[in-house]
Protein chains: 2
Amino acid sequence: MKKHNFSAGPCILPKEVMQKASEAVLELDGIGLSLIEISHRSKEFVSIMDKARSLALELLGLEGKGYQALFLHGGASLQFLMTAYNLLDKKAGYVNTGTWSQKAIKEARLLGDVVEVASSQEHNFNYIPKGYSVPSDLDYLHLTSNNTIFGTQIKEFPETNVPLVCDMSSDIFSRQLDFSKFDLIYAGAQKNMGPAGATLVVVKEDILGKVSRKIPSMLDYSIHVKQESMFNTPPVFAVYVSMLTMQWLKDLGGIAAIEEINERKANLIYSEIELNPVFSGFAAKEDRSLMNATFNITDDALKDTFDTMCKEAGISGINGHRSVGGYRASMYNALPMESVGVLVDIMSELEKKG
Amino acid sequence: MKKHNFSAGPCILPKEVMQKASEAVLELDGIGLSLIEISHRSKEFVSIMDKARSLALELLGLEGKGYQALFLHGGASLQFLMTAYNLLDKKAGYVNTGTWSQKAIKEARLLGDVVEVASSQEHNFNYIPKGYSVPSDLDYLHLTSNNTIFGTQIKEFPETNVPLVCDMSSDIFSRQLDFSKFDLIYAGAQKNMGPAGATLVVVKEDILGKVSRKIPSMLDYSIHVKQESMFNTPPVFAVYVSMLTMQWLKDLGGIAAIEEINERKANLIYSEIELNPVFSGFAAKEDRSLMNATFNITDDALKDTFDTMCKEAGISGINGHRSVGGYRASMYNALPMESVGVLVDIMSELEKKG
Ligand SMILES: Cc1ncc(COP(=O)(O)O)c(C=O)c1O
Ligand SMILES: Cc1ncc(COP(=O)(O)O)c(C=O)c1O
Ligand SMILES: [Mg+2]
Ligand SMILES: [Mg+2]
Ligand SMILES: [Mg+2]
Ligand SMILES: [Mg+2]
């Protein structure tokens, strides 16, 4: 049975990428050796890493603008710590838009003063705070562009002279933004970029080297920049598959092309959620995420029927996160429109049954 | 052409493991989804992680002895930092046996007093220091069981009441030891265990929780233990392939069985190095590594011929590390005896030519 994979991450990747990744595990590009058994210092892997780094900058429109792209270990969670280690000298501001922001705040507090510049916690993070003012004495302002769990997304970023740091784990490469407004962007690979195990960090070089503390080598962006993202053995497979996925996106027409598709997918599901009385959306309308649609069933008696229908249609990964409940349909770049169609059909069938 | 892969890491893995890994990237065990597109909280991946953790303890003979096995991000290099963060309260001792020990020392110095209990630096690390005394007031003593770059290996570990921490990155699962003598063992996956991107940490629970500093979440062993090695999204592919490789080793008869094979492979190459006047070994005889044989060519004029012969025979990855020069034949668990045979044949052919 064909599967429709709405997993929130790790999540669906393009079919042709998985095919090529599978082949590379047996043999990389006719070299007689597997991708995973060659030295990371081999010319083959060095060129994969270089290509991944340059594709990231190219897709974001950041080539030649003083940025460096790194593929690091540790997941986005290690970036909660690394951003603060490298950038928090006295005081940093955080906009608290959910679980991931909170975790970022927790790690930063170990290293300096943290002010919560704005928060939507009082409404269980179902909206994005707006119109807050940003103190001018912050070392940086930390944002979470897309809140994977709650299904909210920042549509307009604050105008400020304070350096902007942004966790884009769940919407990197999904929509057009002026990425040069950000001083540091990070994203765990396991949504729009590749398999779990690598993290993209895009950093403007001139914000580094300004804190006084000693930074452990593995946590020091400057060291990773200097070592061209090869300070230690990188997560080879995850970097390779990320490179393939970025190449797939480039061939498709880049972020502009995928954004259009992502908007269509999101429009399809959100209009169903709105029109269908059996379902109600969780997030405030103007802040709804293009990536993660969170919704509830209005009549609990229909839940089992809906779950069974989904299962029979090959739909997987749409249970909501425990902190929100209900459902979450994650529609990352590689999810075909067809899968959204199948889900929406079931939702409207359920209305007729209900 | 058949390849003989002597790479120092990432390195050769068992053929059947790579075959199964390749298939799982397309579809995991008939579930209709790829290994790399399912949630790490899915029952399928949770059972992979559980199996990896229990196989590690089983192979090391540490089940039911108060140890926990973790599969973490960051490579062994992050463990240089994490061991100190979690265990170094006042003073730690390090035995300096090469590049990797030195890097471990450097990170630990950020967190407390570090004494170099012994060192072989004055002879470019071509031997393992012995007979040194271990101060009794150390929080722990850090050892590097196998020095990948220099080709030396600790054969007898110091008897001491001080907790032992050991970097076993390049000889884990390769030889029988009383692993219960160690309080913390760590190893990057990319030699005997799997692809780059995961790191095994085996920690005796009762050594944790004794330092006074606050430990960042991602660096805190206690948090990883409590979260069953799933505090954040793990490096899914690397954990899966490590699990397969450990299962392969178990099916083969475990560490006792592979140790015998490893000894035969090492004997074959070291006796050739000794008997053949064209080659000389780098490491002191009694400290020679079963994993990495380091050697030089005595007549530089023969170097090009040797390199060409190796290339023509499909031998790859035998260049020595730049800090030693010469050659390094890494003979990890998955390297077949046949490959060592091919190399040794060339070495003795060269003698006839020379
Ligand atoms: C927005 C966001 N930030 C951070 C994380 C944490 O990522 P990781 O598990 O790679 O540490 C996630 C995970 O889903 C996320 O969605
Ligand atoms: C003994 C030893 N320790 C540590 C490391 C560093 O490992 P990683 O590159 O995973 O950080 C290596 C790498 O080869 C090694 O051989
Ligand atoms: Mg969130
Ligand atoms: Mg509705
Ligand atoms: Mg060494
Ligand atoms: Mg000789």
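Residues numbered from 1 in each chain as written. Chains lettered and ligands numbered in written order. Predicted model: local features only at pLDDT ≥ 70, side-chain atom pairs only at ≥ 80, totals over all residues. Heavy atoms only, no water.

- Under the annotation held in an unreviewed UniProt entry, chain A carries the name Phosphoserine aminotransferase and is attributed to Flagellimonas taeanensis.
- What the UniProt record of chain A gives under Function (unreviewed entry) is the line "Catalyzes the reversible conversion of 3-phosphohydroxypyruvate to phosphoserine and of 3-hydroxy-2-oxo-4-phosphonooxybutanoate to phosphohydroxythreonine." (UniProt positions renumbered as here; feature names shortened; annotations may be inferred.)

**A look at the nonpolar core**
Okay, step 1: Counting residues in hydrophobic clusters, the biggest one holds 130 residues, and the most contacted among them are F173 and F237 of chain A together with F173 and F237 of chain B.
Okay, step 2: Other than its neighbours up to four places away in sequence, F173 of chain B contacts A56, L59, L60, M193, L200, M246, L249, I255, I258 and N333 of chain B.
Okay, step 3: Judged by nonpolar contacts, the second largest core, of 66 residues, contains V114 and V165 of chain A together with A84 and V225 of chain B. (Core = buried A, V, L, I, M, F, W, Y, C linked by side-chain atoms within 4.5 Å. Buried < 20%, exposed > 50% of the residue type's maximum accessible area, 1.4 Å probe, protein only. Contact = heavy atoms within 4.5 Å.)

**A look at the packing of helix 2 (residues 43-60) of chain A against helix 6 (residues 236-252) of chain A**
Residue and element names in this part refer to chain A.
Okay, step 1: As a packed pair, helix 2 and helix 6 sit with axes 9 Å apart at the nearest point and diverge in direction by 45 degrees. Taken together, the axes of helix 2 and helix 6 lie oblique to each other. Remark: the crossing between helix 2 and helix 6 carries left-handed chirality. Only V236, V239, Y240, M243, M246, Q247, L249 and K250 of helix 6 make contact with helix 2, whose side of the interface consists of F45, I48, M49, K51, A52, L55, A56, E58 and L59.
Okay, step 2: Residues of the contact of helix 2 with helix 6, tallied by class, amount to 13 nonpolar, one polar and three charged. (Axes fitted to C-alpha atoms, helices over the stretch in contact; angles between N-to-C directions. Helix = DSSP H or I, 4+ residues; strand = E, 2+ residues; numbered from the N terminus. Parallel < 35°, antiparallel > 145°, perpendicular 65-115°, else oblique. Left-handed = near helix turned anticlockwise from the far one by under 90°. Nonpolar A, V, L, I, M, F, W, Y, C, P; charged D, E, K, R; others polar.)

**Focus: the relation of the copies chain B and chain A**
Okay, step 1: With an RMSD of 0.0 Å, the fit of chain B onto chain A corresponds to turning through 180 degrees and sliding 0.0 Å along the axis. The transformation just described matches what one would write down for a two-fold rotation axis. Relative to the rotation axis, the closest C-alpha in chain B is found at S22 of chain B, a distance of 2.3 Å.
Okay, step 2: Interface overlap between copies is the fraction of interface residues in one copy that are interface residues in the other; for chain B against chain A it reaches 100%, indicating a shared surface. (Least-squares fit on C-alpha atoms with pLDDT ≥ 70 in both.)

**Quick notes on the side chain of N146 of chain B**
Residue and element names in this part refer to chain B.
Okay, step 1: By the secondary structure assignment, N146 is in strand 6 (residues 146-147).
Okay, step 2: Polar side-chain contacts of N146 include one of 2.8 Å to the side chain of S170.
Okay, step 3: Beyond its immediate chain neighbours, meaning those up to four positions away, N146 contacts T152, Q153, D167, S170, D171, S289, M291 and N292. (Polar contact = N/O pair within 3.5 Å; in protein donor to acceptor, adjacent residues only side chain to side chain.)

**A short note on the environment of D139 of chain A**
Residues and elements named next belong to chain A.
Okay, step 1: Along the chain, the position of D139 falls in the loop between strand 4 (113-119) and strand 5 (141-144).
Okay, step 2: For the pair D139 and A84, spaced 55 residues apart in sequence, the C-alpha to C-alpha distance is 9.6 Å.
Okay, step 3: Apart from residues no more than four positions distant in its own chain, D139 is found in contact with L87, L88, D89, K90, K91, A92 and P163.
Okay, step 4: Polar side-chain contacts of D139 include one of 2.7 Å to the backbone nitrogen of K90.

**Some points on the sheet that holds strand 10 (residues 199-204) of chain B**
Residues and elements named next belong to chain B.
Okay, step 1: Spatially, seven strands are ordered 2-10-9-8-5-3-4 in an open sheet, and the strand pairing comes out mixed. Each end of this open sheet is capped by a strand with a single partner; those strands are strand 2 (67-72) and strand 4 (113-119). Here the strands of the sheet are splayed against their neighbours by 20 degrees on average, with no regard to which way each runs.
Okay, step 2: By the bridge criterion, three bridges tie strand 8 (residues 164-167) to strand 9 (residues 184-188) in an arrangement that is parallel. Within strand 9, the residue paired with D167 across the bridge is Y186.
Okay, step 3: Relative to strand 3 (residues 91-96), helix 4 (residues 99-108) is tilted by about 160 degrees, and along the sheet it contacts strand 3, strand 4, strand 5 (141-144), strand 8 and strand 9. (Pairing = 2+ DSSP bridges.)

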